[in-house]
Amino acid sequence: MNQALNEILVLKTIIKFFCCSILFAGCLFLGHSQEGNVFTYNVKSDYFNNISGTPSMDADGFLWYPTDKGIVKDYGESQVFISIPINPNNPHNGVWSSEIDQKGFYWFISTEGVHKVNTKDFTYEKFDLKSELTGKKVYPQIFFGDDHDIWVSTGKNYVIYFPDGDMEAVAFIQKPTRKSTLIKESEVPRKFIRSDNKIYLIDKDKIHYVDDCSFQLQKIRYQNEQDGLDLGFKPVRKGVYRYENYIVPYQYIPAIGQFAIGLHEQMKSPRLHGKKLLDTVVIWENTIPKINLCKFETTDKDSLVLKIKKSHARKARSQTGLFDRSRKTMYTANWNSITKFSFQSLAHKNIFKDLDSDISVRTMAETDSTLLVFTYYNVHRYHKYSDTRDTLAKNILPAWDIISDKDSMLFVRNRHWIDVRNKKNFKGRTYEKPGLMFSSITHDSGSNYWIGSDKGLFVFDRVSGQIDLWNPSLQPVALRNSAIFDIHFSYSRNQMYLGTNKGLFIFNPTEKAFTQITKESDPDVIPDNYVSKIHEDEYGTLWMATQGGIVKLTTDKKCKLINLSNGLRSNEILSILETKKHMWFGTGYGISRIAKNNGNIFNVTVSDIEQNNAFNPNSAFKSNDSILYFGSSKSAFEININKLDKDIEKPELVFVKLTEFVGNEKIEQLNTTLFTGGLELPYDRNSFSMEFAVKNTFNHSKNGYMYKIDGLMSDWRDLGSQNIINAFEIPPGNYTLQVKGVSDAGVLTTNTLRYPITVTPPFYKQIWFILSQIFLGITIIYLILHQRFERKKERLEAKSKIKKLELKALTAQMSPHFIFNTINGIQNVLMLKGELAANQYISHFSRLMRSTLNISRFNYLTIPEEIGFLESYIKLQQQRFNETFTYTITQCEQCKKTELKVPGLLFQPIVENAIIHGLTHKPEEKHLMIDFRFNAGDLYVTIVDNGIGRELASQQASKTNHESFSMDVVKKRITINRQLEHPGIEMDIQDAYPGQKYPGTRVSFKIKFNKA
């Protein structure tokens, strides 16, 4: 291999590879030569200075071309630059040849080697030729063989061969020096090359030398035998044709069945990939900045001449060119611009293109084969068959609306005039109604002509010429203060519709009343109050033109708004026409077409209309189901709908690149990795720009884009033709970017790009930090509250201990008091009843003392214990007072079983007072009753005596100077128990038998226990 590469070093010239055709267009498309749109755009970049080679087209319709610094993928609105290694010591740096193969790889050759780039993801491979090409002025060429083979020429003797485009399987094949004689005609391969003046055929991995070229011109184009004969070339070894002042040679080469057609040094023509003969040749010259469309013709003297049929001036000379047969488009390039030529037959025609000045078309009518065009001051006639124009009337104010029959027409003009004129000679009469501004006219199924004005709805009597306000009592004030732009009678709905600048008015003849619908009252029906046109199609569907889009109202009263988000190029709808299959709308940006059956939208934005794309209101006319006319502020256009593409290619939106801004630095990211996991931006780098493009479009300046950022924007935002989304200082959060596109044909892209975007907040605003701070705050608050609680608990425990000590002290006070009174009883028993009674008394007293000691220790007794204690005490008192009173103690079943406890010595002082102060002073029938009972979970204790009562007892005490110590202690104990959060104790003292001589005393306790 090294030996083969060394031999390449001595090569001085290159093998020229050319495809087997010459540039042509015309009859393949429509049977005659006709160029369509022409579009030129400048290419500007910070990465390169100029375009240096022939452009290539990838499968998505995007151009690739070499520059002085590297390779560019041109999306039209945007360019992606791929730098290549540059040898600073090599004066011949640059890209010498480039092509896109059948697999979608872009191949190019530089001084550094053979390069291969994937046109989809920009992955890159390189075969190094640097050591062999350094300092050498050679011009390698790339040629694509059968089975995706790649052939590269770097000199005279060897060709580099990449089988199936594989750089790892490279081979070097030496060119033969003798002609091959073994190739039969049926075995002749389809591919051939020329090196110097020698012609070679390629047969898989072999090269066959088959013939010599008879002339020395470097620029040669090839045409197959039959096509060459049809063009006028003769199958001779040496022939010539004439172009301008140049005599140019050609030659027929039988071995390959091709005509080798020379080009003069000043002539350039791009290669073509055609199979059938077409009769247009595109030529441009080095010295003149224009492109010529030419045809071969044979003169009377049987000589062949290439004649210029049409020229297109350019700002700069064209350097290279490419013809894309599948798209019927030619591309030429100079240093800093690209020009596209479409060879499609045009579906539109500017019928006033040759006038010296623009005309503003207001409305149109038709008579026979003549179109009447009302402009701002004149009435022109366009004779359709002869394609000529003349003026029918001059110096007449513009007509805003028109209706016509076979011979005459009625139209309303600016201000207050109604004209009735003959179509052919324009003779007729003018009627007026001063003080009004007429804007619309129509007629009903009868003989009435209805006139819309700025002061209501009028009726015109054509016979008398009378103009009268129609039914003033029925017209609401809002209607009489509106400008009526259109009047429509819907016989299927039995209603009249009026489009105004204040919404839609609907008149119901049955109810004899108008209904007004506005944007404010019903935004789902009327997106904008400016309703300029109303049309009812053959199916009874109403189409209304507004400045907010198209309103479609079906017979089942379903309403739909069609606007930019659905694919229209403009929300400003100015006119409506109907054909068999479609509805047509003149808009503020071209013409939109909507299919009646499925609602598909197609926008007609052809190049002539591009500069005159804002159509005038009501300026549209249907000649027949094939020919439509639309008027703009500069001209009128004829649209032949049969010539529009029948199979409109569905466009697709693609991502181009992302640019992030890091300080003053821009970081670009291509679509190799962008749509994999979304875009994540830190809070301090939350600005970016994204660029998009639409595949397979001719004029990218007429593409449209719209976007929405979910979470940040509620509505779609229209970018127009700008393909860049600039988003600056996006607040932290999670969003979804959605992008839609519209092709230059006005077709909505089949896909919507969706892209997740996350802007991370600063760490102190992130969830983890906020949660940690919340947790920390809660922890601190908890610790503070816990500390306070513990302190409070300690204080409460201290207070509780104090209260308990106080309670014990009170209980301790009760014990000596109780013991003192009991001992006094013992003394009385000994003195009055003797020793036996005293012993019994002392026995009862000892049991009471043990209970008293338990109470002093634990403070609480169960209910059975309390009842036992009280019973022992009462028996002592009975013995002391000689059984002079009786007692009963009752309890419920729950009291017998419960484990609940009550404060000790709480009831004993009450029982003591009842006996000593109540019963002992009563002369007879002394009885003490004690009852323990639960009710609703609370304990009720009732102590009742039938003694002398509180008032007499108080009098007795005052006589003896006795103080009731025990009652005060009981009340304090109840208070302390409440403070200790013991179950609540309530005490109530009442007369037991009020109104009687001895009312007695009733003491009631209610003890609440905590419910579990």
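Just so it is clear, the model here is predicted, and its values are computed rather than measured. (Residues numbered from 1 in each chain as written. Predicted model: local features only at pLDDT ≥ 70, side-chain atom pairs only at ≥ 80, totals over all residues. Heavy atoms only, no water.)

Examining the pairing of strand 26 (residues 320-324)
Within strand 26, 5 of the 5 residues are buried, leaving the element largely enclosed by the surrounding structure. In strand 26, alternate side chains face the same way, and those of T320, L322 and D324 on one face and G321 and F323 on the other are all buried. Bridge analysis of strand 26 against strand 27 (residues 329-333) gives 5 bridges, and the strand direction is antiparallel. What sits directly across from F323, in strand 27, is M330. With antiparallel pairing between neighbouring strands as the criterion, strand 26 and strand 27 make up a hairpin whose turn holds 4 residues, including K328 at a positive phi of roughly 55°. (Buried < 20%, exposed > 50% of the residue type's maximum accessible area, 1.4 Å probe, protein only. Helix = DSSP H or I, 4+ residues; strand = E, 2+ residues; numbered from the N terminus. Pairing = 2+ DSSP bridges.)

What about unusual backbone geometry?
Not every positive phi belongs to a glycine, and D368 is a case in point at roughly 50°. Locating D368 in the fold gives a position in the loop between strand 30 (361-367) and strand 31 (370-375). Despite not being glycine, F426 has its phi angle at roughly 65°, a positive value. Relative to the helices and strands, F426 is located in the loop between strand 36 (417-422) and strand 37 (428-432). The class of F426 is buried, set by a relative accessible area of 8%.

As for the state of the cysteines
Across all of its chains, the model carries 0 disulfides by this definition. Of all cysteine sulfurs, the one in C895 lies closest to C892, which takes part in no disulfide; the gap is 3.2 Å. Residue C892 is classed as buried on the basis of its relative accessible area, which comes to 11%. (Disulfide = S-S within 2.5 Å.)

Details of the sheet that holds strand 28 (residues 337-342)
Here 4 strands make up an open sheet; going across it, the order is 2-28-27-26 and the pairing antiparallel. With one partner strand each, in any of the chains shown, strand 2 (38-42) and strand 26 form the two edges of the open sheet. Each neighbouring strand pair of the sheet contributes to a mean axis angle of 15°, computed without reference to strand direction. When strand 2 meets strand 28, the two strands line up antiparallel, connected through 5 bridges. (Axes fitted to C-alpha atoms, helices over the stretch in contact; angles between N-to-C directions.)

Brief notes about a nonpolar patch on the surface
Taken together, I767, I770, L771, I774 and I778 make up a surface patch of nonpolar side chains, about 480 Å² in accessible area. Among the residues examined, I767 registers a relative accessible area of 59% and is labelled exposed. (Patch = residues over 30% accessible without salt bridge, like charges linked within 9 Å, V, L, I, M, F, W, Y side chains within 5 Å. Areas by Shrake-Rupley, 256 points an atom, 1.4 Å probe, with all protein chains shown as cover. Salt bridge = Lys/Arg side-chain N within 4 Å of Asp/Glu carboxyl O.)

Observations regarding the packing of aromatic side chains
The geometry of two aromatic rings is summed up by the distance between their centres and the angle between their planes. Tallied over the entire structure, the rule returns 41 aromatic pairs. Taken together, a centroid distance of 5.5 Å and an interplanar angle of 5° make the contact between Y47 and F81 stacked. Separated by 34 residues along the polypeptide, Y47 in the loop between strand 2 and strand 3 (56-57) and F81 in strand 6 (residues 79-83) bring together distant segments of the chain. Aromatic side chains F489 and Y491 sit 6.4 Å apart centroid to centroid with 15° between the ring planes, which places their arrangement in the stacked category. Owing to a relative accessible area of 16%, F489 belongs among the buried residues under this scheme. One aromatic cluster is present, formed by F233, Y241, Y250, Y252, F259 and F296 through successive ring pairs. If you follow K740 out to its NZ or CZ, it ends over the ring of W716, 4.6 Å from the centre. (Phe/Tyr/Trp six-rings, centres within 6.5 Å; stacked < 30°, edge-to-face > 60°. Lys NZ or Arg CZ within 6 Å of the ring centre and 35° of its normal.)

A short note on the confidence of the model for the protein
Summary statistics for the protein give a mean pLDDT of 80 and a share of 80% for residues scoring 70 or more. Below pLDDT 50 for its whole length, residues 182-189 participates in 10 contacts with residues either more than four positions away or in separate chains. (pLDDT = per-residue confidence, 0-100. Contact = heavy atoms within 4.5 Å.)

Some thoughts on a positive patch on the surface
Together, R788, R791, K792 and R795 make up a region of like positive charge exposed at the surface. Inspection of the secondary structure assignment puts R791 in helix 7 (residues 767-832). (Lys, Arg positive; Asp, Glu negative; His and termini not counted. Charge placed at Lys NZ, Arg CZ, Asp CG, Glu CD.)

Some words on the pairing of strand 64 (residues 733-742)
In terms of burial, strand 64 is largely enclosed, as 7 of its 10 residues are buried. Across 7 bridges, the pairing between strand 61 (residues 704-710) and strand 64 is antiparallel. From the neighbouring strand, G704 faces strand 64, where its bridge partner is V742. For strand 64 and strand 65 (residues 753-760), the ladder comprises 7 bridges, and the chain directions are antiparallel. Bridge pairing in strand 65 links Q738 to R754.

Some points on the sheet that holds strand 35 (residues 408-413)
Across the sheet, 4 strands lie side by side as 34-35-36-37; this open sheet has antiparallel pairing. A single partner strand is all that each edge strand has here, and the edge strands are strand 34 (399-404) and strand 37. Put simply, the sheet's adjacent strands are angled 20° from each other on average, direction ignored. The pairing of strand 36 with strand 37 spans 5 bridges and is classified as antiparallel. Looking at the pairing, I418 lines up with Y431 of strand 37.

Let's talk about the pattern of salt bridges
Enumeration over the complete set of coordinates arrives at 29 salt bridges. Notably, a salt bridge pairs E297 with K307, separated by 3.4 Å at the nearest N-O pair. Of the two residues, E297 is situated in strand 24 (residues 290-298) and K307 in strand 25 (residues 304-313); the sequence distance between them amounts to 10 residues. When the shortest N-O distance is used, the salt bridge between K622 and D625 registers 3.2 Å. In this structure D625 comes out as partly exposed when scored by relative accessible area, which is 32%. One salt-bridge network, in which partners are shared between bridges, spans D60, K120, E652 and K695.

Digging into empty space enclosed by the protein
Taken as a whole, this structure holds 4 cavities of 30 Å³ or more when the rule is applied. The computed volume of the largest cavity comes to approximately 80 Å³. Taken together, Y41, G61, F62, L63, D74, Y75, G76, K340, V694, N696, T697 and H700 make up the lining of the largest cavity. Broken down by class, the residue content of the lining of the largest cavity amounts to 5 nonpolar, 5 polar and 2 charged. When residues of the lining of the largest cavity are assigned to domains, at least three map to each of domain 1 (37-212) and domain 3 (653-765). (1 Å grid on protein atoms, 1.4 Å probe; cavity = no way out; pocket = protein on both sides within 12 Å on 5 of 7 lines; lining within 4 Å. Points joined across faces, edges and corners; volume = space filled by probe spheres on them. Nonpolar A, V, L, I, M, F, W, Y, C, P; charged D, E, K, R; others polar. Domains from an automatic or database assignment.)

Regarding the nonpolar core
Most often, soluble globular proteins keep nonpolar side chains buried together rather than apart. Core analysis: the largest hydrophobic core is formed by 40 residues, its most contacted members being F688, M690, F692 and L737. There are two domains that each give this core at least three residues, and those are domain 1 (37-212) and domain 3 (653-765). For F692, the contacting residues outside a window of four places in its chain are E77, L653, V654, F655, V656, Y705, N723, I725, L737, V739 and L753. Counting 39 residues, the second largest nonpolar core, distinct from the first, contains L870, Y887, V1003 and F1005. (Core = buried A, V, L, I, M, F, W, Y, C linked by side-chain atoms within 4.5 Å.)

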